[in-house]
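# Examining the three-dimensional arrangement
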Amino acid sequence: MAQWNQLQMLDCKYLEQVEQLYDDSFPMDIRQYLMAMQDSLATVQFHDLLAQLDDQHSRFALENNFLLQHNIREIKRNLQVRTFIIPGYTTRTLIDDYSHIYS
């Protein structure tokens, strides 16, 4: 969505060039609407992920597993800091950043 907002702030002559890239079968206003929906969904999924990390943290606390408890707490803190500091940090970026953990 951040890129879309930047695009809309372009000078008129550049914005006209961008409009020429899109045909009427998938108009720009529909794209804008879909991007807003995607951002909302990403926010919901992110908060769900944080809740799941809290659940895992609680489970590890019950198991007295200090190392995994610490790791989960650090992952959650890092995610929260990134989304607060880096505007436009998206779910896709999050997946790319942490995919190396599971490979």
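In this report, the structure presented in the accompanying data block is examined. (Residues numbered from 1 in each chain as written. Predicted model: local features only at pLDDT ≥ 70, side-chain atom pairs only at ≥ 80, totals over all residues. Heavy atoms only, no water.)

This part is about the overall build of the chain. A tally of helices and strands in the chain yields five helices and zero strands. Expressed as a percentage of the 103 residues in the chain, the buried residues total 16%. Excluding contacts between residues fewer than 6 apart, the proportion of contacts in the chain whose partners are at least 24 apart in sequence is 36%. When the accessible surface of the chain is split by element, carbon and sulfur atoms take 57% of a total near 8,100 Å². (Helix = DSSP H or I, 4+ residues; strand = E, 2+ residues; numbered from the N terminus. Buried < 20%, exposed > 50% of the residue type's maximum accessible area, 1.4 Å probe, protein only. Contact = heavy atoms within 4.5 Å. Areas by Shrake-Rupley, 256 points an atom, 1.4 Å probe, with all protein chains shown as cover.)

A word on unusual backbone geometry. Excluding glycine, residues mostly carry a negative phi; peptide bonds, for their part, are mostly trans. Not every positive phi belongs to a glycine, and Asn-64 is a case in point at roughly 55°. Here Asn-64 is to be found in the loop between α3 (28–62) and α4 (66–85).

Tracing the backbone through its elements, the reader meets Gln-69 in helix α4. By relative accessible area, which is 16% here, Gln-69 ends up buried. In contact with Gln-69, not counting residues within four places along its chain, are His-57, Phe-60 and Ala-61.

Of all hydrophobic cores here, the largest spans six residues; its members are Phe-46, Leu-50, Leu-53, Phe-60, Ile-72 and Leu-79. Of all the elements in the fold, those that place two or more residues in this core are α3 and α4. With residues near it in sequence (within four places) discarded, Leu-50 still touches Lys-76 and Gln-80. (Core = buried A, V, L, I, M, F, W, Y, C linked by side-chain atoms within 4.5 Å.)

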